[in-house]
Amino acid sequence: MYITPRRSRIRNVSLSMVNSTITLIILLIAPLGLATVIVNTLLVAIATYTTGSLIDRITLYLNQENPSTLPFKPTQATQIRRH
């Protein structure tokens, strides 16, 4: 599976936004100060984005193949049809 850097970034940003929204809702219910809620929400967003990016890099590293063994050039990957 090949995922472009742009798609990876969009996925990580959307994942961090969803996690931040859930965290914001949970923290607004709790009796905490507004500054604490905002800081915690931002920290969850940053941690989620960083973790997603790190996992993408690890997955890319583990899925590396020798380009000479591929039946096509990596630049031609978009031209291959899946049945």
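Preceding this paragraph is the structure being described.
Everything numeric here is computed off the predicted structure, so don't read it as measured data.

Quick word on the side chain of T48
Line of reasoning, step 1. With respect to the helices, strands and loops of the structure, T48 is situated in helix α2 (residues 34–62).
Line of reasoning, step 2. The residues contacting T48, other than those within four sequence positions of it, are L15, S16 and N19.

A look at a nonpolar patch on the surface
Line of reasoning, step 1. A surface patch of nonpolar side chains, about 580 Å² in accessible area, is lined by L24, L28, L34, I38, L42 and I46.
Line of reasoning, step 2. Elements with a minimum of two residues in the nonpolar patch: α1 (5–29) and α2.
Line of reasoning, step 3. Looking at the nonpolar patch, the element that brings in the most residues is α2, giving four residues.
Line of reasoning, step 4. Mapped onto the fold, L28 is located in helix α1.

Calculation criteria
Residues numbered from 1 in each chain as written. Predicted model: local features only at pLDDT ≥ 70, side-chain atom pairs only at ≥ 80, totals over all residues. Heavy atoms only, no water. Helix = DSSP H or I, 4+ residues; strand = E, 2+ residues; numbered from the N terminus. Contact = heavy atoms within 4.5 Å. Patch = residues over 30% accessible without salt bridge, like charges linked within 9 Å, V, L, I, M, F, W, Y side chains within 5 Å. Areas by Shrake-Rupley, 256 points an atom, 1.4 Å probe, with all protein chains shown as cover. Salt bridge = Lys/Arg side-chain N within 4 Å of Asp/Glu carboxyl O.

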